[in-house]
Structures are given as structure tokens and as C-alpha cells.
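Tertiary structure, described
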Amino acid sequence: MRSPVRELRHAFRELRKDPVWTGIAVATLALSMGANTAVFSIVNAVLVRPLPYLEPNRIMQVWGSAPARGLEEAPLSHRRFLGIARQSSAFEAIGAYTADTINLTGVREPRQLSALRVSPGVLDVLRVRPARGRNFRGEEEQPGGAPVVLLSDALWRHRFGSDPRILGKPVSLDGIPRAIVGVLPAGFVFPDGEADVWIPRVLEPSFLSSGAVERGSGYLSLIARLKPGVSIGRAQAELDVIAAREPYSEGLDADLQYRIVPMKDQMVSGVRPTLLVLLVAVGFVLLIACANVANLLLARSTGRRREMAVRAVLGASPRRLMLQTLSESLVLSTTAALAGLLIATWGLTLLVSRGAGHLPRNSEIRLDGGVLAVTGGLALFTGLIFGMAPALYASRTDLNEVLRDAGPGSIGGPRGLRIRALLVVAEVALAVVLLIGAGLLMRSFVRLLAVDIGFRPGNLLSAKIDLAPSKYAQPAQRREFYRRLSDDLGSLPGALSVGAAETLPLGETTPQTLAAVPGLAVPPPGERAVVPFNTVTPGYFRTLGIPLRKGRGFREDEDDTAPITVVISESFARRFFPDADPIGRHVVLGKSSVEREIVGIVGDVRLDGLETVNAETFYLSANQRTISSLAVVIRTAGEPRSLMGAVRRRMRDIDPDQPVANLRTMEEVIGGSMAGRRYILILAGLFASLALALAALGIYSVTAYSVSQRTPEIGLRIALGARPVDVLRLVMTRVLALTLAGVGLGLAAALGVTRLLSSLLFGVTTGDPLTFAAIPLLLSAVSVVASCLPALRAIRIDPLTALRDE
């Protein structure tokens, strides 16, 4: 017996004899294997690979929970953080953090930086040490402590030129000099997202007043490391005891329980279904490609039947013939895997740059040793999968049968045709599943685009302004800044109106608070509803085009000396005032018992996503609740991007140290909110299109094979008077039979498989009748088109030539 190396060299020589056939087979496999490698690289980085910290399975996230109020993962107040840190014995280290923004000032071009306010324990939980300098000290966390900062490696390199003497130097942040005490390691990524700077004092977030912090406003995320040997269940039981011991019946954080979640699970919970769906889809594409190559190998094997028969006569055993065919399959799959790696490298770069930014751990997505090992295993697996049927076919070659069917028209017999037909049925079934999945996602995306978002997004330009607390400490200063900014921007040529809000719809997470309607008795905070709210300027509703349904909006002359008024959404009115006119009625907000008058009702707006339901929202006036951070919106007469330069210039005129961040159109904001859905739709559509093309190729090949095998029969029929339409019916009947068999199997499989998509759909059920009816029609049409060329060839068969060859 020859060595495996000699078998492979012989297989390579055999494949080189037919470069066109080999090229088609390798290209088919390479595309599918490249797609599988690219998608698995993403799945591996996000779902499989451990977090890049020491003993990451011990890192936990702690949330607040109040299921009765619809809170599953609520941020915690500072006092609850201190209570857990003081009483817990299950954690080796615990820290708190919150995302914030801060302005880099005192430079020619001020810039808004992403910041994390962290307690010193955060780096201890992650077991990360600054590459230069030190961590924060306990006294720096306390009010009045020294102003210090940690820089990210990227900011240190790009903004400070990798200055090795950076430690101890001051950097002006929000107008306050802060001493640089450390630089974080290169490549370090915080689990909850990257930040330019880390600053202590979680008690002093820029987006909350000190009163709100003291009243128990939840704004902190907690991260903790379990002690060795402590289970998640034990830690959860301890947190339950702590929550019962300190219920905090008063305040915004009243009656919360605690919930502990492994950090990795927390990070990937939102994208796990999406990635698993993509992995299944690309796996289906690979199976279709294998079926196609198996068909090609069968066609090639039938052309070599006489060669195989002669080898058998000369002493080659069935096992030897089988190994020879399998060797050719493995050479094909290995070559395709190498080409697929090149495709995956290019495709992965495209996927990450164009759409993976919304994925957690996206900076870790790459081809690594584990991915290469999987690709190697994939090559072996696919080689065996698509090579097994041709190998078995070759090993059962019968010399008498070959000699009996040795005419030019006899190239395989009914057994080979049946195998190829079964492969085509499998291809069609898999393609049906993929196409139905892509169709459901497309229908869902179209439904999302048709959603009434509650305002007019066209011709809107937005920008985020965060005022430095040190410079704009007083409410009157902030009001004056936004009044001047509104007047200046409103005077720009092409600007129609200007408004501002604490958060923009679909662009940022909307803050929430407690709400109740006064009755016989105002319910305690623990029994009040949790509702979103927004702080807006008087021109906000007009600028966005949010309709005023009843009453009035806010007035410019209402400031913090006037009674606080409230504007509510239609959903708020329906929930809290189902049988009464809300205008002139009152609501109680937060933990306060102070009643605020409702002066207007506006239309519902989609806040945190197109797929979310309209929430019961209320609005406060920015003239009465003066905050340091607002998103400015400008409605323009023409193209909004044409005003970007003018907006920056006006800002420099008002305050040279005040940067403008997130300057973009409202349509870009909405597009960003749909990036995740668009990403999976594009990939699913790409894989479904590839599956459809491969299925069409399979139908074409088996039809061409069938016509070639039945050439004498067709010639005889034509000689006996068969019309072209009769020949066409003969060919098409078989094609449609195979297609319908595959469609039937595919529809049955899709009814079960598409349940995986339920969490990704909007306004469409997994059994959507339109999709399930359209896809079979599409595949039937494609099968007819794919079989047209062989069918036309059958019509043109010369009966004399066919009969003479027979």
C-alpha cells in the first residue's frame, strides 16, 4: 500500500489535470469556509474566549432588582455600594464606577473626553495595575481629596506624545488642573467600554446633583471579585441578607433587592442570540457548499468509471479506490481552507470596520491559534463530508456494468443520478431555511423603518454640550449660556429653530425616576411607578416636530422661581389619567411629596430604540431644572451638515474652552440606533444569497447531468414526434419535483429553526405567512431559470446523432 503522502501527491496530480473543474470546486468551498472562519472569529472573541483578566470567572457584576416595578438590572446608589462593601464577606474586592464625560481644556482645540468615575477597588477587582504610576488612593476618593487622573494608553500616546515624564504633570479637565498619577496598560479594555480618562470620586458625577446622590439616585455599576472557593449562589444569598437588612424604605432606591451576574455573561447577553444565529446560518452555507462539491465529485467520478474499473481489475481493492477519492477530497478541502483564510482575513477586517463596533470585546476580534485550529478541523470535516459519497461510489465500481454501459451517453446510471438528486434536495432544503430566516429579518427591518418615531428627523443637526461644573456652577450661569447659545445658533443662515434636551430620542439612555398621581394618599416611594423623563428647553418640541396634543408647552419666562410645571406624553396620560383630563392636574415625582402641575400633553416619542414601546414619559423645563449637559438640536432649511462649521465657530465665540461633541444629523443618530439590526440583516442576507446561488448551481448541474444521461431517450422521443414543449415538460417536471421536495423539507425545518430568531424580530412572527409563501415561489422560479440552459440543450438534440452515438 502506498504511503498517505504518495496518495496525496497522486490526488494533487489528478486534480491538476482538470483546472477548470478544480477551480470551481475550490472557489465554492473557499467562499463558504472563509465566511465560517470570519464568523467564528467573532463568536470566539465575544462568546468563547475568557475575559482578558486574571481568573475572569470570579469577576461579577452586582445590580439592583425590583421586579414589581419592572427593574431587573438597575444601577445602585452610592449608599447601597457602601453598604455592600462594608457588610459583604463573599468578595475579595469590590468597586463602583459610572460613565461620565469631561472636557479637556486649556488647549488650542478643546475636546470632550469619555471618562469613568471609579472607586479605587475597580482596578483591584480586575487585578490590573497601571503600566506607569499608581492606582488611586483611598483619600483621593473622599470629597476634598487631591484632584488626580489616570490616562488611557491611547490618550497618552496620541495627545501627550508618549511623554515618559508625564507622571505628576497637570492636565486641565473641566478647567481644573488634575495631576496625572498613572497611565493604564496598552491594550487594556474595561469590560463596560473604553474611556480616555479615569477619575476618582464617584460621589461627584457631572450629570447628578449632590441632592440626588444623597436621596439615593441609582447611577453606579458595581463590579466585584469573589473570594476563592465562594460560589455565585453563596454570594447571592449573602446579598439577599444585606438587602433585607437595609431596605431603605425612603428614597429613590427604596426596597431594592440585589442580583449578581458573571461579568462575561453580562457583557454578551445582548448579542449572544445574534451571534449564534449567524453561526448557524454560515454553517448551513458550508453544508450547501459541501453538497455542491459532492455533486461535482460525483460527476467527475462517473466520467472516471472505466479508469476505476481497470484499477480494480489490476488489483486495487475497494478500500484503495475509496482512499484515492478521499485523498482528492482532502486536497480540495485543504486548498480551499488556505484560500478561505485569505478571504476570512479580508472579510473580518471589513466586518469589524463596517459593523462590529456595537459588539462587546470588538477590539479582541482577530484570527488566532484557536480559530486556525478550527479552520483546520473544518477542512478535514468538509473533506470527509463531501468526499464520502463519491468515495463509496468509486469503491463499488462493477466492471461488467461499466462495459455494458460503455457508450458515450452512459455516464453513471440511475444510482449516481439518485445520489445527486438527493444532494440537490438537501441543498434546496437548507437554502429554504436560510432564505426564510433572512426574509423574516428583512420584514422585521422594514416594519422598524415604518415605525412612527414621534418626531420629524429630517433636516435636524444635533450636538452635545457638557458644561464644566467649575465654570458654570450656578443655575443662572448655565441658563444664560444655553440662552445665548440658542440665540446665536438660531440666527445662523438656514437655521429655522433651536431646542435642547438632556437626552435625544434613540441616541442615549433616557433617565428614569419615580412618579405617582396624588389621590387619597400619596404612595410611598417603593410603590411608585418608574418612568422615563427628559429635561428640555421651551423650543425643543417645536424643533423636533413633536406635536402638542393639548394644553401648552414650556415658556421662556418660567424659571426656578416659578412653580415647577410638567408636560406629559400621551402614554403617560393614558396610564395615570385614563378617565380624566390631565391638564391642571398634578403629579408627584421622585421621592418628594411636592405636587407639580401638568400644563401640556405631547405626542409619544420612541426613546431608547425603535423596537421599544412608547413609554409613559414626562418632561421638565431646562429653565427650572438647570443641568450642565444638554444635547442641542437645530432644524435647518437645507442640508444640516452644512451648518457644522458655523456651529463650531459660534461655540468658540461664546466659550473657547467649550468643545462641541457628537456633531451629527438626527438621521445619523437613528441609523446608529439600528446598527446592530442592520449588521445582522446584511450578514444574513449575504449568507442567504450565497445559499441561493449554490442551490441554483446544484439544480443546474443535476439537470445538465440528467439531460446528458438521457440524451438517447430524448433523441428517440424527438424522432418519434415529440414536440419541443413535450421535451421541456420532461426536463422541467423532474427539476420541479426535486425543488418541491427540498422546499417541503425546508419549510418543515424552518418552522423549528426560525424560533431562534424570535428575540431578533419586530412586528413579525416566526411563522410569518407572507415569508413562508414567498420563499418557495422564489426558489421555484430560481430552479426554473437554473434549468433553462440544459432544457434548451435538450430541445436542440439531433435525434440521428443521439441514436448513432447510442
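Residues numbered from 1 in each chain as written. Predicted model: local features only at pLDDT ≥ 70, side-chain atom pairs only at ≥ 80, totals over all residues. Heavy atoms only, no water.

1. Some thoughts on helix α3 (residues 78-87)
Taken as a whole, α3 has its buried residues at His78, Arg80, Phe81, Gly83 and Ile84. Where α3 is buried, its residues contact β1 (59-66), β3 (91-104), α7 (210-214), β10 (221-226), α8 (232-245) and β11 (257-262). (Buried < 20%, exposed > 50% of the residue type's maximum accessible area, 1.4 Å probe, protein only. Helix = DSSP H or I, 4+ residues; strand = E, 2+ residues; numbered from the N terminus. Contact = heavy atoms within 4.5 Å.)

2. A short note on the pairing of strand β8 (residues 176-183)
Of the strand pairs in this sheet, strand β5 (residues 132-133) and β8 are connected by two bridges, and their pairing is antiparallel. Across the sheet, glycine 133 pairs through a bridge with glycine 182, a residue of β8. Across four bridges, strand β6 (residues 148-151) lies against β8 in parallel orientation. Along β8, the bridge assignment pairs leucine 150 with glycine 182. Note: strand β7 (residues 170-173) against β8, four bridges, orientation antiparallel. Opposite leucine 173, over in β8, you have isoleucine 176 as the bridge partner. (Pairing = 2+ DSSP bridges.)

3. Here we look at the packing of aromatic side chains
Summed over the entire model, instances satisfying the criterion amount to twelve aromatic pairs. Ring geometry for phenylalanine 190 against tryptophan 198: centres 5.3 Å apart, planes inclined by 85°, an arrangement best described as edge-to-face. Aromatic rings pair up to connect Tyr53, Tyr97, Phe188, Phe190 and Trp198 into one cluster. (Phe/Tyr/Trp six-rings, centres within 6.5 Å; stacked < 30°, edge-to-face > 60°.)

4. Quick notes on empty space enclosed by the protein
Going through the model one piece at a time under the given rule, you end up with eight cavities of 30 Å³ or more. The computed volume of the largest cavity comes to approximately 190 Å³. Lining the largest cavity are 15 residues, and of these Val277, Ala281, Leu434, Gly437 and Leu757 lie nearest its centre. Put simply, the parts of the chain that give the lining of the largest cavity at least two residues each are α10 (272-303) and α15 (413-449). Here the lining of the largest cavity is composed, by residue class, of 13 nonpolar, two polar and no charged. (1 Å grid on protein atoms, 1.4 Å probe; cavity = no way out; pocket = protein on both sides within 12 Å on 5 of 7 lines; lining within 4 Å. Points joined across faces, edges and corners; volume = space filled by probe spheres on them. Nonpolar A, V, L, I, M, F, W, Y, C, P; charged D, E, K, R; others polar.)

5. Thoughts on the pattern of salt bridges
Applying the stated criterion across every chain, the model contains 29 salt bridges. Across the pair arginine 483 and glutamate 480 runs a salt bridge, and its minimum N-O distance is 2.5 Å. In this pair, arginine 483 and glutamate 480 both sit in helix α16 (residues 475-490), three residues apart, roughly one turn of the helix. Overall, glutamate 480 belongs to the partly exposed group, its relative accessible area being 39%. Among the charged side chains, a network of salt bridges with common partners joins Glu55, Arg58, Glu92 and Arg127. (Salt bridge = Lys/Arg side-chain N within 4 Å of Asp/Glu carboxyl O.)

6. A few points about the side chain of arginine 635
Summarising the element assignment, arginine 635 is placed in strand β21 (residues 629-636). There is no salt bridge for the buried arginine 635, and the closest opposite charge comes from glutamate 667, which lies 8.8 Å off by N-O distance. One polar contact links the side chain of arginine 635 to the main-chain carbonyl oxygen of leucine 544, over a distance of 3.4 Å. Leaving out residues up to four positions away in the same chain, arginine 635 has contacts with Arg456, Gly458, Asn459, Leu460, Gly494, Ala495, Leu496, Ser497, Thr543, Leu544 and Gly545. (Lys, Arg positive; Asp, Glu negative; His and termini not counted. Polar contact = N/O pair within 3.5 Å; in protein donor to acceptor, adjacent residues only side chain to side chain.)

7. Things to note about the packing of α16 against helix α19 (residues 644-654)
Closest axis-to-axis distance for the α16/α19 pair is 10 Å, and the angle between their directions is 140°. Here α19 runs oblique to α16, going by the angle between their axes. Between α16 and α19 lies a crossing whose hand is right-handed. Contacts from Phe481, Arg484, Leu485, Asp488 and Leu489 of α16 reach α19 at Val647, Arg650, Met651, Asp653 and Ile654. (Axes fitted to C-alpha atoms, helices over the stretch in contact; angles between N-to-C directions. Parallel < 35°, antiparallel > 145°, perpendicular 65-115°, else oblique. Left-handed = near helix turned anticlockwise from the far one by under 90°.)

8. With respect to the side chain of threonine 626
With respect to the helices and strands, the residue threonine 626 is situated in the loop between β20 (618-621) and β21. If we ignore the near neighbours within four places in the chain, the residues touching threonine 626 are Pro475, Arg478 and Arg479.

9. Concerning the confidence of the model for the chain
Looking at the chain as a whole, its pLDDT mean stands at 83, while 86% of the residues score no less than 70. Of all helices and strands in the chain, the one with the weakest mean pLDDT is helix α14 (residues 399-404) (50), whereas β10 scores best (95). Note on residues 406-412: pLDDT under 50 across the span, and 13 contacts to partners over four residues away in sequence or across chains. (pLDDT = per-residue confidence, 0-100.)

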